[in-house]
Amino acid sequence: MNLGYLGLEIRRALRAPGTLLFTIGFPAMFYLLEMMLFKDVAGAGAGGAGTAAADYPVTIMVGLCAWGVMTAGLLIGTRVVHERTAGWQRQLRLTPLSGGGFLIGKVTVGMAVALPTAIVVPVVAVLVENVQLTPVGWLHATLFVWLGSLPFAIMGLLIGQLSNKDNVQNFVIVGMLLLAMFGGLFMPLDMLPPWWNDLAQFVPSYWLAEIGRVGVLPNYGTIVTPALVLLGWSVVLAAGVVWRYQRDSART
Amino acid sequence: MEEVLASESTGRRAAGRNGAAAIHISGLKKHYGAVRAVDGIDLSIAPGEVVALLGPNGAGKSTAVDMILGLTKPDEGEVTIFGKAPKEAVAHGTIGAMLQSGALLDDATVGEMVGMVASLHRKPMPVKEALRRAGIADLVKRRSTRLSGGQKQRVRYAVALVSDPDLLILDEPTAAMDVGTRREFWLSMQEFTAAGRTVVFATHYLEEAEEFADRVIFMKSGKIVADGSVAEVQALAAGRTLHAKIPGATRSEIEALPAVADVDVRHDKVVIVSSSSDTTLRALLARFPNARDIEIAGVSLDEAFITLTSNINKS
C-alpha cells in the first residue's frame, strides 16, 4: 500500500454526496440549532460560571465533534458494501493487499474524512459562542476526539462487510442514531436521567465524548480510561474485520 | 493462427522457473451443501500454454477458477501456481485475473482504478503501458459508469495486466464485446503470450477456443470430461446436427450409422449429432429411404460438447 492508493480512496470518499453533509454540514448546523435551544438555559444559568449549564457551548461542541467523526467512520460501511457488490473486493484480494493492509487503508481513509469535522465544529463554536479553552483543552476537543474515531471507522468497515446493499443504510443510520442518543452526543448528559448516564457507560460513543470532556471540564478525570475503553473496542472490532476479509469471497 | 501456435510453443520450450507447472491441481474438490461444484480435478498446465476452459453453466468452471486464485479454499486437494500456494503467488503478483462482470468502481475513473491496483503491487508495469496494451489509453479520465460493455471488459483486462503477471486467468473475457473488439482483444493477448506467459480463459465462444487456445479443457458437473488439443476442437467444429422424421427407426439402428456422436429419438423424430454430416446423411438415406423433413444445422456449444466428449471416450 502507498500514498497513491490512499489518496485515491480519499478522493472517492469525498466524491460521495453524503460525506461532507454528514461530517461537516450536519454537525455545524446542529451546533447552531442546539445553542439556540439551550442558550436560555445556559444564560438564565441556574447560575453563572461553574455550573453545567454554563459549559453547554463547550460540552455540546465536544458532543457534536464526536458525533461527526463517529459518523464519518460509520459511513465507510456504505462504501464498502458498494465495493463488495461491484466485486471490487474480490479484485483487491487478487493483489498483495492483506487483510490487515485492507483494514488500515479503509480506516485511514475514514479518519481522514473525519478530520474536517474536528476542525469545523470548533471553529463555529469559537465564532458564534466565543468558546475559549486552554491549549490542552483544544488539543482534547479536536485532535484527541478525532483520534478517538478509530473504533467507529473499524465499526463502519465491519458493518460494510456484514451487510448488503439493501440494509446497509439502515445499519449505518440506525447505528449512528443509537450511538449518538445513548452515548449522550446530542444532549447534555446532565439533562438526562441518571439511568441514562449509567447506560451510556456501555456505549463506545460515550467514551469518545469523554475524551473531549476530560480536557475541557475542570476536575473531570483523566484521558486514560476513555482511551483504554476505545482501544479495547478497536481491537475487538478489528479482529472481526480481518477475519471477515479473509473469508469473504462472495460473488454477488 | 500459425504464428500464435508458434509463439506459444516457443513459450512452452522456455518453460517455467524452477521447472514447476504454471498450474498444478491434484484431487481438487469443493462442495456447497449437497452440490458438488468441483468433484475431483487433476490437471497440469505447463508454462506458456494457452488453455481454454469450456463447459455449460454450473459446470464448476468459476469455482475451479476461484480455487486457482486462492479466493476459495478447497475441501480436498491442492493447487500450486509455479510451485507455490495460490495466496503466495497472488502476493508476488504472479497471477493476474480478469473477473467476470462487475469488479469496477462506479465512482472512479479508468486511470484511477488501474492506478489503484498498480499501487498495491510490488513490481507493476506503468499504468499507461497497461492501458495501452488493453487498447484504452484514450479512456484514462472516463468514469466507469460511462463505459460500454466492451470497454469495461478492457478495463478489467488492464487491471489484470498491470501487475505484469506470468499467469493470466480470464473469466469470459470477451463477453459483451462486438466482433471487431473481440478481434482486437485477442491481438493484444497475443502480445502477452508471445513472451511465453501462460493464459487460462473460460469462454462460451467455441471459435475463440479454436482460434486462440492450444489446449481445450471441457468441464461438466464438476469434473473434467475432456482435455484435448486444438486439432480435436477443429474436428468438432465441423460437426453438425441432423434432424429428420424416420418412422420406425430405433435408437440402436441410428447409432450404427457412421460418424454419429449422439442420438436422440422421440417417436419418429430423430436428432443426430454427427462429426461428418455428409457421411451420416448418405448412410441414413440408404438405410432409411422413408426419412423426410431432413434439416442440417451447425452444432451449438452444448452439442459440440457432447460430440467432443464422445469422440474422446471412443478413442
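Everything numeric here is computed off the predicted structure, so don't read it as measured data.

Our next topic: the side chain of A:Thr117. The topology assignment puts A:Thr117 in helix H6 (residues 99–129). Leaving out residues up to four positions away in the same chain, A:Thr117 has contacts with A:Thr23, A:Pro27, A:Leu64, A:Cys65, A:Gly68, A:Val69 and A:Pro122.

Attention now moves to the environment of A:Phe202. In this structure, A:Phe202 sits in the loop between helix H10 (194–200) and helix H11 (204–216). Classification of A:Phe202 by relative accessible area gives exposed; the value is 66%.

Turning our attention to the interface of chain A and chain B. Accessible area lost when the parts come together is the quantity often used to give the size of an interface. Counting from both sides, the interface comprises 22 residues of chain A and, opposite them, 26 residues of chain B. Summed over both sides, the interface between chain A and chain B buries roughly 2,500 Å², with carbon and sulfur atoms accounting for 60% of that surface. If you sort the residues of chain A by the area they bury against chain B, A:Trp88, A:Leu94 and A:Pro96 come out on top, with a joint share of 29%. The tally of links from chain A across to chain B stands at four salt bridges. Between B:Glu112 and A:Arg15 there is a salt bridge, with the nearest N and O atoms lying 2.7 Å from each other. Remark: the boundary between chain A and chain B carries six residue pairs in polar contact (both at pLDDT 80 or more). At the level of elements, helix H1 (3–15) and helix H5 (88–92) of chain A are the ones that each hand at least two residues to the side of chain A that touches chain B. When residues of the side of chain A that touches chain B are assigned to their parent elements, the largest contribution, six residues, is made by H1(A). When grouped by side-chain class, the residues that make up the side of chain A that touches chain B number nine nonpolar, five polar and eight charged.

Turning next to the pairing of strand S3 (residues 50–54) of chain B. Residue and element names in this part refer to chain B. Where burial is concerned, most of S3 is hidden: five out of the five residues are buried. Along S3, one buried face is formed by Val50, Ala52 and Leu54 and the opposite face, lined by Val51 and Leu53, is buried too. Pairing analysis gives four bridges linking S3 to strand S7 (residues 198–202), with the strands arranged parallel. When the sheet's bridge partners are listed, leucine 53 is paired in S7 with alanine 202. As paired elements, S3 and strand S8 (residues 215–220) share four bridges and run parallel to each other. Counterpart to alanine 52 in the pairing with S8 is valine 216.

Moving on to the nonpolar core. Residues A:Tyr31, A:Met61, A:Met70, B:Tyr157, B:Leu168, B:Leu170 and B:Met189 are the most contacted members of the largest nonpolar core, which totals 120 residues. Among the elements that line this core, the one with the most residues is helix H3 (residues 56–74) of chain A, at 13 residues. Filtering out sequence-adjacent residues up to four positions away, B:Leu170 remains in contact with B:Met98, B:Tyr157, B:Phe185, B:Met189, B:Val199, B:Val200, B:Phe201 and B:Ala202. Ranked by size, the runner-up nonpolar core spans 33 residues in total, among them A:Leu94, B:Leu53, B:Val79 and B:Ala202.

For B:Asp164, which is not glycine, the phi torsion reads 55° and is therefore positive. Examined against the element boundaries, B:Asp164 turns out to sit in the loop between helix H6 (149–161) and strand S6 (167–171).

In this section: the packing of H3(A) against H6(A). Residues and elements named next belong to chain A. Where H3 contacts H6, the axes come no closer than 8 Å and their chain directions differ by 160°. Classified by the angle between their axes, H3 and H6 sit roughly antiparallel to one another. Judged by the sense of rotation from one axis to the other, the crossing of H3 with H6 is right-handed. Only Gly110, Val113, Ala114, Thr117, Ala118, Val121, Pro122, Ala125 and Glu129 of H6 make contact with H3, whose side of the interface consists of Pro57, Met61, Leu64, Cys65, Gly68, Val69 and Ala72. Here the residues of the contact of H3 with H6 sort into twelve nonpolar, three polar and one charged.

This next bit is on the sheet that holds strand S2 (residues 35–45) of chain B. Residue and element names in this part refer to chain B. Reading across the sheet, the three strands line up as S2-S1-S4 and stay open at both edges, with antiparallel pairing between neighbours. Taken across any chain shown, the strands that pair with only one partner, and hence form the sheet edges, are S2 and strand S4 (76–81). Taking each pair of neighbouring strands and ignoring which way they run, the sheet shows an average axis angle of 20°. One ladder, built from five bridges, connects strand S1 (residues 23–32) with S4; its direction is antiparallel.

Summing up the model confidence of chain A, the mean pLDDT is 83 and the portion of residues at 70 or higher is 92%. When mean pLDDT is taken per element in chain A, helix H8 (residues 150–162) of chain A scores highest with 92 and helix H2 (residues 17–44) of chain A scores lowest with 78.

With that settled, the discussion passes to helix H7 (residues 179–193) of chain B. All names here are of chain B. Along its 15 residues, H7 runs 21 Å from first to last C-alpha, staying within 8% of the 21 Å computed at 1.5 Å per residue. What H7 keeps buried is the set Thr181, Arg182, Phe185, Trp186, Ser188, Met189, Phe192 and Thr193. Projection of H7 onto a plane perpendicular to its axis shows the buried side chains occupying an angular sector of 160°, all on one side. In H7, the exposed residues that point more than 90 degrees away from the buried face are Val179 and Leu187.

Cut-off values and rules
Residues numbered from 1 in each chain as written. Chains lettered and ligands numbered in written order. Predicted model: local features only at pLDDT ≥ 70, side-chain atom pairs only at ≥ 80, totals over all residues. Heavy atoms only, no water. Helix = DSSP H or I, 4+ residues; strand = E, 2+ residues; numbered from the N terminus. Contact = heavy atoms within 4.5 Å. Buried < 20%, exposed > 50% of the residue type's maximum accessible area, 1.4 Å probe, protein only. Buried area = accessible area lost by both parts, 1.4 Å probe. Salt bridge = Lys/Arg side-chain N within 4 Å of Asp/Glu carboxyl O. Polar contact = N/O pair within 3.5 Å; in protein donor to acceptor, adjacent residues only side chain to side chain. Nonpolar A, V, L, I, M, F, W, Y, C, P; charged D, E, K, R; others polar. Pairing = 2+ DSSP bridges. Core = buried A, V, L, I, M, F, W, Y, C linked by side-chain atoms within 4.5 Å. Axes fitted to C-alpha atoms, helices over the stretch in contact; angles between N-to-C directions. Parallel < 35°, antiparallel > 145°, perpendicular 65-115°, else oblique. Left-handed = near helix turned anticlockwise from the far one by under 90°. pLDDT = per-residue confidence, 0-100. Expected span 1.5 Å × (residues − 1). Arc of directions from axis to C-beta.

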